[in-house]
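Chains, contacts and geometry: an overview
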Amino acid sequence: MAAEEKNIRSVEQDDFTEWEDASDQPLADEALEKALAAERALKLASELEQDENPRDYTQELEDEEEEAAPTSEKRLKRQIQAEALARMEDAARTETDFRYILGEWDRLDRNRERRERDHENLRGDVPLEYMAVPDPKVIPLWMNLPKFRQLSRGDFLDIIFSCPYEMHELTANRFISDLIRNLSDDHKEVLYYLSLRQYSTAKVAAIRGQTDRNIRKLRTTIHKNLQRKMYKHLCEKLESGGSLTLRERWFMEEFGALQKTQGKGAVIRRENRTKPRKKKAALDGSKNGE
């Protein structure tokens, strides 16, 4: 009897331990599976959102990178000045305040125009046919000229105003346009053929029935009057607080130096690109010395 009770007690204990182990283990596994399932669901939802809205996701990344990127001191200074000007505009009440704000905007515009002029590309000595093909095989050379290109794209203004009496319309500068418009017809004709058409003085003299010397003298007179008026205009522009281009600065320096030495007869003469010819006496002397 004692042996049977001992076996029954051992069996009851073994069943109880097995029941405890079996009841605890499934609960832990179920909680772990739920957590993993929730994590997979969140990951899948984020991937689907990135696939549906890739731009928003990339924009968020760019914004985060931009916030993390360092900003230069110059950019920070400009942002601070712009914010200060905006606050002044909101707080302005009197005429003095508005005048001060207008002066600040004018100063910013002058700085912007100065930066643009400093970086503008001047053509210099590059010919107008710089984009033409040097040795064309199919398209002839005359079809590469600027006039034909303008005709092809429907730009007729330069061709319509290519005339001695309408050439003042070829410039957008009001002062230069008025300066050329007020010239006499003879001066307009000589200036047009010499400056725009690049004719020689001998050819212009043949067209007008004059001598080469008269055309050269007339060209000097035209240049003298135009340069004197241009120098006066640029001086007034500087006095009023305006800025000059690189070419205008060069003209001011050259003409100002000539005016100090030559007075009213100062004129920047056309550059002579032909090499000076040797004098006959020097040649004869070198031959006799040989």
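Look a little higher up for the structure.
In this report, we go over the structure that sits alongside the text. (Residues numbered from 1 in each chain as written. Predicted model: local features only at pLDDT ≥ 70, side-chain atom pairs only at ≥ 80, totals over all residues. Heavy atoms only, no water.)

1. Quick look at the pattern of salt bridges
Heads up, the rule is: Every case where a carboxyl oxygen of Asp or Glu lies within 4 Å of a side-chain nitrogen of Lys or Arg is listed as a salt bridge. A helix here means a DSSP run of H or I that spans at least four residues, while a strand means a run of E at least two residues long, and both kinds are numbered starting from the N terminus. For each residue, the accessible area found with a 1.4 Å probe, counting protein chains only, is set against the maximum for its type, and the residue is called buried under 20%, exposed over 50%, and partly exposed in between.
If you walk through the whole model with that rule in mind, you get 7 salt bridges. Note that glutamate 83 is salt-bridged to arginine 87, the shortest N-O span being 3.6 Å. Residue glutamate 83 and its partner arginine 87 are located together in helix α3 (residues 73–91), separated by 4 residues, close to a single helical turn. On the basis of relative accessibility, which here comes to 44%, the residue glutamate 83 falls in the partly exposed class. One salt bridge connects arginine 216 with aspartate 212, and the closest N-O pair in it is separated by 3.5 Å. Of this pair, arginine 216 and aspartate 212 both sit in helix α10 (residues 212–239), 4 residues apart, which is roughly one turn of that helix. Residue aspartate 212 is classed as partly exposed on the basis of its relative accessible area of 30%.

2. Things to note about helix α11 (residues 246–262)
Let me state the cut-off plainly: In this analysis, the expected span of each helix is defined as 1.5 Å times one less than the number of residues it contains. An arc is given here, and it is the one of the directions from the helix axis to the C-beta atoms. Any two residues whose heavy atoms approach within 4.5 Å are treated as being in contact.
A rise of 1.5 Å per residue sets the reference length of α11, with its 17 residues, at 24 Å; its end C-alpha atoms lie 24 Å apart and thus fit the reference within 8%. Where α11 is concerned, the buried positions are Glu248, Phe251, Met252, Phe255 and Gly256. Buried residues of α11, viewed axially, fall in a sector of 125 degrees; they line one side. Of the exposed residues in α11, the ones pointing more than 90 degrees away from its buried face are Glu253, Lys260 and Thr261. If you follow the buried residues of α11, they end up packed against α10. Immediately beyond the C-terminal end of α11, within one or two residues, lies glycine 263, with a positive phi of roughly 75 degrees.

3. Considering the environment of glutamate 104
Tracing the backbone through its elements, the reader meets glutamate 104 in helix α4 (residues 95–118). The buried category is assigned to glutamate 104, whose relative accessible area is 18%. Taking C-alpha positions, glutamate 104 is 8.2 Å from leucine 85, a pair spaced 19 residues apart along the chain.

4. Comments concerning the packing of α10 against α11
Convention followed: Helix axes use the C-alpha atoms of the stretch in contact, all axes being lines fitted to C-alpha atoms, and the angles between their N-to-C directions lie in the range 0 to 180 degrees. Crossing chirality is assigned from the near helix's rotation relative to the far helix, an anticlockwise turn below a right angle marking it left-handed and a clockwise turn marking it right-handed. For this classification, the nonpolar set comprises Ala, Val, Leu, Ile, Met, Phe, Trp, Tyr, Cys and Pro, the charged set comprises Asp, Glu, Lys and Arg, and every other residue, Gly included, is treated as polar.
Packing of α10 against α11 brings their axes to within 10 Å, and their N-to-C directions diverge by 115 degrees. When the axes of α10 and α11 are compared, the crossing they make is left-handed. For the pair formed by α10 and α11, the contact residues are Gln227, Arg228, Met230, Tyr231, Leu234, Cys235, Lys237 and Leu238 on the first element and Glu248, Phe251, Met252, Phe255, Gly256 and Gln259 on the second. The residue makeup of the contact of α10 with α11, split by class, is 8 nonpolar, 3 polar and 3 charged.

Purely geometric numbers; function is a separate question.
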